[in-house]
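Descriptive analysis of the structure
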Amino acid sequence: LILMGICDWNDAFSAVGAKGKGESVFSTFLYVVAAKAFLPILRTENPEAATRLEQTAKELLANAEAHAFDVDRYLRAFCDGGEVLGKAGNEECSIDILSQAFALFAGADRKRCEIALQTAKKELYDPRHRILKLFSPPFDRGSSPAGYIRGYPPGLRENGGQYTHAALWGAKALLEIGETDTALEILQGANPLLRNLSSVDASLYRSEPYAMCADIYSGQHAGRGGWSFYTGSGAWYYKIFLEDVLGIRLSMGNRILSMYPRISYQAVLRYHGKLTVKVSPHEEDALDGVPVTFPLAIPDGDHTVTARLR
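So, here is what we can say about the structure in this document. Keep in mind the model is a prediction, meaning the values are calculated, not measured. (Residues numbered from 1 in each chain as written. Predicted model: local features only at pLDDT ≥ 70, side-chain atom pairs only at ≥ 80, totals over all residues. Heavy atoms only, no water.)

A short note on the overall build of the protein chain
Here is the rule: We count a stretch as a helix when DSSP gives it H or I for four or more residues in a row; a strand needs E for two or more, and each element gets its number in order from the N terminus. With C-alpha atoms as the basis for the radius of gyration, the globule rule is written as 2.2 Å multiplied by the number of residues raised to the power 0.38. Here's how the labels work: a residue is buried when its accessible area is under 20% of the maximum for its type, exposed when over 50%, partly exposed in between, all with a 1.4 Å probe on protein chains only. All accessible-area figures derive from a Shrake-Rupley calculation using a 1.4 Å probe, and residue coverage is judged against the displayed protein chains alone. We score Asp and Glu as negative and Lys and Arg as positive, and we do not count His or the chain ends. Think of each charge as sitting on NZ of Lys, CZ of Arg, CG of Asp or CD of Glu.
Helices and strands together make up the secondary structure of the protein chain, namely eight helices and 21 strands. Taking 19 Å as the expected radius of gyration for a compact globule of 310 residues, we find that the protein chain reaches 21 Å, a close match to that expectation. Looking at the protein chain as a whole, 49% of its 310 residues are labelled buried. In the structure as shown, the protein chain presents an accessible area of about 14,500 Å², 54% of it carried by carbon and sulfur atoms. The average position of the 33 basic charges and that of the 36 acidic charges among the side chains of the protein chain differ by 2 Å.

Here it is as structure tokens:
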């Protein structure tokens, strides 16, 4: 698999691969995702390199399937000494949302991915505090060589709290397997405005209503926000809500519209004019009342698109 080094996305895993042997299951899936996205471009410029990249991605995915699935979840990492993070029954870090979400994004076995994401929903989603934990249980008194993540109290930041980037990726994956209600709860829980609707809410959250937090803690300080004005997850929130919830996907310089909505709604987009979008189970795919198929080009000016709920 892909080597961990002194960290991957979770830079608090600073000791997992510090000796050069530890491997990251998440980075392996991320490599496959990136390779698949880049292949169409590379094929036009360097077909031989594209063939090598495609073969490498296939081998990595096959290796992950062969060695990184454990009963009902994908593992998180293999440490230098052979210890495993993300394994069922671990005292610390028995499941991590990143591996479950990116296994799906990478095109891993669909049945396994659905099982893994259902396990993640059960073990990582806290409906009372509306958070999706990065992993669970947090590092506390165990002996696994994870790194400086042990410097955080259990439930804070990467150590078992909600890390908003990862929570949003988890919500996106849950949407893709049809767990729409849970995914929407996670998205609403990440929304800083909805965390400050009352004085009671605000006194718990303790962060701004107009800036998304990098973290929302679990454990002793469950529900408290942290590291606002720090995260890029606001952009991911917008992208996931627009494309995966509302189902609005634009391409070719925002001229081509595809619709794959998950909820019923009505909205107005400023889109080379005013575009009114209506979605419900009873609507038909149409542009200004004329039946269409997606994707389609939207002409300039004011128009109405209707779409059937997928």
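Details of the nonpolar core
Generally speaking, nonpolar side chains in soluble globular proteins are found buried as a group. Test applied: In these notes, a set of buried Ala, Val, Leu, Ile, Met, Phe, Trp, Tyr and Cys residues joined through side-chain atoms within 4.5 Å is what counts as a nonpolar core. Only heavy atoms matter for contacts: two residues are in contact if any of them lie within 4.5 Å across the pair.
Counting residues in each nonpolar core, the largest one holds 67 residues, and the members touching the most others are Phe13, Phe29, Leu85, Ile97, Phe102, Phe139 and Leu187. Only helix H1 (25-45), helix H2 (47-67), strand S5 (77-78), helix H3 (97-106), helix H4 (110-124), helix H5 (164-176), helix H6 (180-190) and helix H8 (233-245) provide two or more residues apiece to this core. The residues touching Ile97, leaving out its near neighbours within four places in the chain, are Leu117, Ala120, Leu124, Leu132, Lys133, Leu134, Ala166 and Gly170. The next biggest cluster of nonpolar side chains, apart from the first, holds 16 residues, and it includes Tyr265, Leu269, Tyr271 and Ile298.

Quick look at the packing of H6 against H8
Using the following cut-off: In this analysis, axes come from line fits to C-alpha atoms, helices being fitted only over the stretch in contact, and the angle between any two N-to-C directions falls in the range 0 to 180 degrees. The cut-offs work like this: below 35 degrees is roughly parallel, past 145 is roughly antiparallel, 65 to 115 is roughly perpendicular, and the gaps in between are oblique. Crossing handedness follows the turn of the near helix against the far one: under a right angle anticlockwise gives a left-handed crossing, and clockwise gives a right-handed one. In this classification, the charged set is Asp, Glu, Lys and Arg, the nonpolar set is Ala, Val, Leu, Ile, Met, Phe, Trp, Tyr, Cys and Pro, and all remaining amino acids, among them Gly, are polar.
Viewed as axis vectors pointing N to C, H6 and H8 meet at an angle of 150°, and their least axial separation amounts to 11 Å. Taken together, the axis directions place H6 and H8 in an arrangement best described as roughly antiparallel. Seen from above, H6 lies across H8 with left-handed handedness. On H8, the residues that touch Leu184, Leu187, Gln188 and Ala190 of H6 are Tyr237, Ile240, Phe241 and Val245. For the contact of H6 with H8, a count of residues per class yields seven nonpolar, one polar and no charged.

Section: the sheet that holds strand S18 (residues 286-287)
In a beta sheet, neighbouring strands are held together by backbone hydrogen bonds and run either parallel or antiparallel to one another. What counts here: Following DSSP output, two strands are said to pair if at least two bridges run between them.
Within the open sheet, the five strands sit side by side as S16-S17-S21-S18-S19. Their pairing is mixed. The strands lining the two open edges of the sheet, one partner per strand, are strand S16 (265-270) and strand S19 (290-291). As paired strands, strand S17 (residues 274-280) and strand S21 (residues 303-308) are joined by six bridges and run parallel to one another. Note on S21: the bridge partner recorded for Val277 is Val305.

Some details on the packing of H5 against H6
Following both chains from N to C, one finds H5 and H6 inclined at 155°, their axes separated by 8 Å at the closest point. Accordingly, the angle class assigned to the pair H5 and H6 is roughly antiparallel. In this structure, H5 crosses over H6, and the sense of that crossing is left-handed. Taken together, the residues of H6 that come into contact with H5 (itself represented by Thr164, Ala167, Leu168, Ala171, Leu174 and Leu175) are Thr180, Thr182, Ala183, Ile186, Leu187 and Ala190. Looking at the contact of H5 with H6, its residues break down into nine nonpolar, three polar and no charged.

Details of H5
Selection criterion: Each helix should span, by expectation, one fewer than its residue count multiplied by 1.5 Å.
The end-to-end C-alpha distance of H5, which contains 13 residues, comes to 18 Å, matching closely the 18 Å that a straight helix rising 1.5 Å per residue would cover. Counting buried residues in H5 gives 12 out of 13 residues, a clear majority hidden from the surface. At the C-terminal side of H5, Gly178 shows a positive phi close to 90°.

Notes on H8
Put simply, the rule reads: In this context, the arc is that of the directions from the helix axis out to the C-beta atoms.
Along H8, the residues classified as buried are Ser233, Tyr237, Ile240, Glu243, Asp244 and Val245. Summarising the axial view, the buried residues of H8 lie within an arc of 165°, below the 170-degree limit, and thus occupy one face. For H8, exposure combined with an orientation more than 90 degrees from the buried face picks out Ala235 and Tyr238. In this fold, the buried residues of H8 make contact with H5, H6, strand S12 (213-216) and strand S14 (248-251). Once H8 finishes, Gly247 follows within two positions and takes phi at roughly 80°, a positive value.

Treat this as a map of the structure, not an account of what it does.
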